Amino acid sequence: MTGRIRPLGEFVANQIAAGEVVERPASIVKELVENSLDAGASSIRVDIEQAGVKRIRVRDDGLGIHADDMALAVARHATSKIAAATDLGEIETLGFRGEALASVASVARLAITSRQQDADSAWRLEAAGGEMLGQRPAAHPPGTTVEVTDLFYNTPARRKFLKTERTESLHVQDAYRRVALANPGVAFELAAGARTLDHLTPGSSADRIGAVFGERFLAESTVIDESGGGMRLNGWIGRPTYSDRRPTRQRFFVNGRTVQDRLAGHAVRQAYRDVLFHGRHPVFVLFLILDPSMVDVNVHPTKSEVRFRDSRDVHDFVFGKLSRALRDLRPGATVAVRPGEKPDESAAAGQRTFPFGHSGSRHVDSTSLARLFHEQGAALELRDGEELPESSTGTPPLGYAVAQIHGIYILAENEQGLVIVDMHAAHERITYERLKTQLLGGAVDRQRLLVPLALDVSTTEADLVEARSGEIEELGMVMERSGPASVVVREVPALLFETDIEQLARDVLADFVAFGSSDVLLERQERLLAGTACHASIRANRRLSLPEMNALLRDMETTENAGQCNHGRPTFVIQPLDALDRLFLRGQ
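Residues numbered from 1 in each chain as written. Predicted model: local features only at pLDDT ≥ 70, side-chain atom pairs only at ≥ 80, totals over all residues. Heavy atoms only, no water.

1. Looking at the overall build of the protein chain
Thought 1: Looking only at helices and strands, one finds 18 helices and 23 strands in the protein chain.
Thought 2: Classification of the 588 residues of the protein chain by burial places 49% in the buried group.
Thought 3: In the protein chain, once contacts between residues fewer than 6 apart in sequence are set aside, the share between residues at least 24 apart is 69%.
Thought 4: By element, 50% of the accessible surface of the protein chain is carried by carbon and sulfur atoms, the whole surface being about 28,100 Å². (Helix = DSSP H or I, 4+ residues; strand = E, 2+ residues; numbered from the N terminus. Buried < 20%, exposed > 50% of the residue type's maximum accessible area, 1.4 Å probe, protein only. Contact = heavy atoms within 4.5 Å. Areas by Shrake-Rupley, 256 points an atom, 1.4 Å probe, with all protein chains shown as cover.)

Next up, the structure:
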């Protein structure tokens, strides 16, 4: 039962506001580091004790705070980054709400020591429980140090909701690295007591990503840099055969701000939908750059969510560019390399799936390959009277076939070394892509329902059908509005005629409402085509001649997504010559 309406006290109001910004120590680290970046810092050090619950200290060499502005720094809704409501439409800084330090001061003890570049001395301000305790001169180099101690000392109930020290420490490291990824030109250091957890030196984006995710990430990724419609998308996307069980290595940035966006996530998943092994998640670090006026970052107090003015255009742009980049990943595609490196140096970190030529390669003849596998007990088939083309710089990416093993794998030789191809998986992808081109490349064949299907839907969905029936028809479904909250389905794609039409229609409408478009119809048709391709492809134990094997290799080199079958399994791997040499201890 509620009583009379009354205003909340300042302390309670501050606690409510702080709850939106300060969820755990990692939230404070993120806000403080972003403030340092907005201040133009070139070096940032983060120190934590007890995962940040006991102490968090962030020190930078930025512009510093004017002595007269120290008190305003901990006042709610006081900021140097915007001045008028119109500024909210074109925010270019990471912070702008003017409530982070005030929120922190309301749930912890806070001390700020800062000195501007041209100031004679620094000033130190202390606050606790939302109250300023005083300000005095201090010794400090140019820049700012913010120290937060005894987090949630005045709200012990909230401290009970924190996880173990190890878990909270991992959250701090994740928040720190997310910000560091978007700012490769800034030096970062993270320490826990006397132990340094991470040290990142300034460098290129590739340097920073390699330092955070490892060199293997770069070696197994491809660079994307695409522009269009006033937007630019760049970064690194993992190859489909390099994925994770959990979506832990997925970073998406909008104008340098790390965000978790449903629309962008959906676009990425759709781009990978028929190239990933089931249950796996893609790995990527992507940066979307667009006019600040086209994105609203004032959606959530933590600034981790954004809203796009033209969400459908953004979705289609991200999906289209990623889909095109993934389709171009075929044998012979260029791998992502670090500045100043040769491609083969990048490959040494683990790249095996997508080969490339390199100078100085050594030739391995068919006899040595046959001996290698024969000694391992493999049933190998070589045709008498057939000779291999000589290795040269003109050798195709997948080389030339030399044998077939157990009726399952094709062995080929290219300039890099030994190529092993799963012939069924490879032929399945080739067949699937041809079926997609034939059946889905033009207008979708539709089947008229003998009895139109009437559906009760929401008013929003009915309005959508009325406004965008033409777009839905292009996907293969004819749907019309029949009432304020009802629609009727008259035609569906011929391939999907025997599926659950009602559920199909509702899925399409749900996608249009959430993302401005729908891939449900295309995805269902592709799934049927994938099954057809699987049944129509070469089966195990079918013996192929060398010309047939070579024809399959050439088809792979010109087929989109040829690196994996329709189920996401790799179609081929490459064993470089140096790996074979190590296997037999050659040169050791």
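2. Notes on the side chain of T431
Thought 1: Of note, T431 is situated in helix α13 (residues 423–440).
Thought 2: Residue T431 is classed as buried on the basis of its relative accessible area, which comes to 15%.
Thought 3: With residues up to four places along the chain from it excluded, the contact list for T431 reads A533, A536 and S537.

3. Concerning unusual backbone geometry
Negative phi is the rule for most residues except glycine; trans is the rule for most peptide bonds.
Thought 1: Phi is positive for A51, which is not a glycine, with a value near 60°.
Thought 2: Residue placement: A51 occurs in the loop between β1 (43–49) and β2 (55–60).
Thought 3: For A51, a relative accessible area of 5% translates into the label buried.
Thought 4: Even without being glycine, L585 reaches a positive phi, approximately 60°.
Thought 5: Along the chain, L585 falls in the segment after α18 (577–583).
Thought 6: L585 sits in the exposed class, given a relative accessible area of 58%.

4. Focus on the environment of T155
Thought 1: Relative to the assigned elements, T155 resides in the loop between β6 (143–149) and α5 (156–159).
Thought 2: Between the C-alpha atoms of T155 and G129, which are 26 residues apart in sequence, the distance is 9.6 Å.

5. Overview of the packing of aromatic side chains
Thought 1: Following the criterion strictly, the structure yields three aromatic pairs and no others.
Thought 2: Centre to centre, the rings of Y176 and F188 are 5.9 Å apart; their planes meet at 90°, and the pair counts as edge-to-face. Within this pair, whereas Y176 is found in helix α6 (residues 165–181), its partner F188 is found in strand β7 (residues 187–192), the two being separated by twelve residues in sequence.
Thought 3: With relative accessibility at 1%, the residue Y176 sits in the buried group.
Thought 4: Classification of F188 by relative accessible area gives buried; the value is 1%.
Thought 5: When the centroid spacing of 4.8 Å and the interplanar angle of 15° are considered together, the rings of F253 and F287 count as stacked. With F253 in strand β11 (residues 250–254) and F287 in strand β13 (residues 284–290), this pair connects stretches of sequence that are 34 residues apart.
Thought 6: Classification of F253 by relative accessible area gives buried; the value is 1%.
Thought 7: A cation over a ring is seen here: R109 above Y153, with NZ or CZ 4.0 Å from the ring centre. (Phe/Tyr/Trp six-rings, centres within 6.5 Å; stacked < 30°, edge-to-face > 60°. Lys NZ or Arg CZ within 6 Å of the ring centre and 35° of its normal.)

6. A few points about the packing of helix α15 (residues 501–515) against helix α16 (residues 520–536)
Thought 1: Running from N to C, α15 and α16 point in directions that differ by 130°, and their axes come no closer than 9 Å. What the angle tells us is that α15 and α16 run oblique. For the pair α15 and α16, the contacting residues are L504, D507, V508 and D511 in the first and V520, L521 and R524 in the second.
Thought 2: Of the residues that constitute the contact of α15 with α16, the class distribution is four nonpolar, no polar and three charged. (Axes fitted to C-alpha atoms, helices over the stretch in contact; angles between N-to-C directions. Parallel < 35°, antiparallel > 145°, perpendicular 65-115°, else oblique. Nonpolar A, V, L, I, M, F, W, Y, C, P; charged D, E, K, R; others polar.)

7. A few points about helix α7 (residues 205–213)
Structurally, the α-helix is built with 3.6 residues per turn, so residues lying three or four positions apart point the same way.
Thought 1: Among all positions of α7, only A206, R208, I209, G210, V212 and F213 are buried.
Thought 2: Following α7 by one or two positions, G214 adopts a phi angle in the positive range, close to 100°.

8. Let's talk about the pairing of β2
Taken residue by residue, a regular strand's side chains alternate between the two faces of the sheet.
Thought 1: Note that β1 and β2 share six bridges and pair antiparallel. Of the residues in β2, the one forming a bridge with I48 is I56.
Thought 2: The pairing of β2 with β6 spans six bridges and is antiparallel. Counterpart to I56 in the pairing with β6 is V148. (Pairing = 2+ DSSP bridges.)

9. Observations regarding the sheet that holds strand β22 (residues 486–493)
Thought 1: With antiparallel pairing, three strands are arranged side by side in an open sheet as β20-β22-β21. Edge strands, defined here as strands with exactly one partner in the open sheet, are β20 (446–456) and β21 (478–483). On average, adjacent strands in this sheet sit at an angle of 20° to one another, irrespective of strand direction.
Thought 2: Relative to β22, β21 runs antiparallel, the two sharing five bridges. Paired with V478 across the two strands is E491, which belongs to β22.
Thought 3: Against the sheet, helix α14 (residues 459–474) contacts β20, β21 and β22, and its axis sits at roughly 150° relative to β21.
Thought 4: Contacting β20, β21 and β22, α15 crosses the sheet at an angle of about 70° to β20.

10. As for the environment of S304
Thought 1: Considering the arrangement of structural elements, one finds S304 in the loop between β14 (295–296) and β15 (307–308).
Thought 2: Along the backbone, S304 and T258 are 46 residues apart, and their C-alpha atoms lie at a distance of 6.6 Å.
Thought 3: Beyond its immediate sequence surroundings of up to four residues, S304 is in contact with T258, V259 and Q260.

11. Re the nonpolar core
Thought 1: Grouped together as the largest cluster of nonpolar side chains are 55 residues, with contacts concentrated most on V33, I44, V46, V148 and F188.
Thought 2: Once you skip the residues sitting within four places of it in the chain, V148 turns out to touch I28, L32, K54, R55, I56, V104, A108, R109 and L110.
Thought 3: Membership of the second largest hydrophobic core comes to 32 residues, among which are I237, L290, V295 and L326. (Core = buried A, V, L, I, M, F, W, Y, C linked by side-chain atoms within 4.5 Å.)

12. Digging into the side chain of E491
Thought 1: Within the element layout of this structure, E491 appears in strand β22.
Thought 2: At a separation of 3.0 Å, a polar atom in the side chain of E491 contacts the side chain of R448.
Thought 3: Filtering out sequence-adjacent residues up to four positions away, E491 remains in contact with R446, Q447, R448, G476, M477 and V478. (Polar contact = N/O pair within 3.5 Å; in protein donor to acceptor, adjacent residues only side chain to side chain.)

13. With respect to the sheet that holds β13
Thought 1: Reading across from one edge, β9-β10-β13-β11-β12 is the order of the five strands in this open sheet, with mixed pairing throughout. Taken across any chain shown, the strands that pair with only one partner, and hence form the sheet edges, are β9 (221–228) and β12 (257–258).
Thought 2: With two bridges joining them, β11 and β12 adopt antiparallel strand pairing. Following the sheet pairing, F253 is matched in β12 by T258.
Thought 3: α6 rests against β11, β12 and β13 of the sheet, and its axis sits at about 55° to β11.

14. Concerning the pairing of β7
Thought 1: Taken across its six residues, β7 has five buried, putting it largely inside the fold.
Thought 2: By the bridge criterion, six bridges tie β1 to β7 in an arrangement that is parallel. Bridge pairing in β7 links V46 to L190.
Thought 3: The sheet contact formed by β7 and strand β8 (residues 195–200) spans five bridges and is antiparallel. In the strand pairing of β8, L190 is matched with D198.
Thought 4: Between β7 and β8, which pair antiparallel in sequence order, lie two residues; one of them, G193, sits at a positive phi of approximately 65°.

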